[in-house]
Amino acid sequence: MKYAIIIGLICALLAMYLGSYVSWTFYFLAFGVFIVPAAVYGFTMFMRFMEDFRKIAESREKSRNCVKCGRSIPWDANLCPYCGHDFT
Ligand SMILES: [Zn+2]
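Residues numbered from 1 in each chain as written. Predicted model: local features only at pLDDT ≥ 70, side-chain atom pairs only at ≥ 80, totals over all residues.

**Concerning the overall build of the protein chain**
Formally: Working definition: helices are DSSP H or I runs of at least four residues, strands are E runs of at least two. Numbering for both runs from the N terminus. Between the two quantities, the radius of gyration covers C-alpha atoms and the globule rule is 2.2 Å times the number of residues to the power 0.38. Partly exposed residues are those falling between the two cut-offs: more than 12 but fewer than 20 other C-beta atoms within 10 Å of their own, whereas 20 or more means buried and 12 or fewer means exposed, with C-beta atoms placed from the backbone.
In terms of helices and strands, the protein chain carries one helix and two strands. Counted from the first residue to the last, the protein chain has its helices and strands arranged as α-β-β. Its C-alpha radius of gyration of 33 Å places the protein chain more than 25% over the 12 Å reference for a compact globule of 88 residues. For the protein chain, the C-alpha atoms occupy an extent of roughly 105 × 20 × 15 Å along the three principal directions. Scored against the burial criterion, the 88 residues of the protein chain give a buried share of 0%.

**Focus: the confidence of the model for the protein chain**
Detailed reading of the predicted model is not advised wherever pLDDT is low. Our working definition: What pLDDT reports is the predictor's confidence in each residue, on a scale of 0 through 100.
Chain-level pLDDT for the protein chain is 85 on average; 97% of the residues reach the 70-or-more range. Per-element confidence in the protein chain is highest for strand β2 (residues 72-74), whose mean pLDDT is 89, and lowest for helix α1 (residues 2-61), whose mean pLDDT is 83.

**Overview of the environment of S63**
Inclusion rule: What counts as a contact is two residues whose backbone-derived C-beta atoms lie within 7 Å of each other.
Tracing the backbone through its elements, the reader meets S63 in strand β1 (residues 63-65). Looking at S63, the number of C-beta atoms within 10 Å reads 13, which means it is partly exposed. With 50 residues separating them in the primary sequence, S63 and L13 have C-alpha atoms 72 Å apart. Not counting residues within four places of it along the chain, the set of residues in contact with S63 comprises S72, I73, P74 and W75.

The structure is reproduced here in structure tokens:
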């Protein structure tokens, strides 16, 4: 009778342990269902942001500001199209 209580207690603890393990696995899987698309979406947005940033950096490299009027002009322009400042 005494052993039956101990075995029952062990079984109960084992069931609790296994139950929590199963539920944690379930939570992990359920969380993974959301975290994987979120990670993919985040990565895609990051790549788009980097692409935009690269394009902006590239366009900035190809232009400069006029020393006289301060407007953005093509990098290889010898004459400012806005104020006519001569760079040669
Ligand atoms: Zn100018």
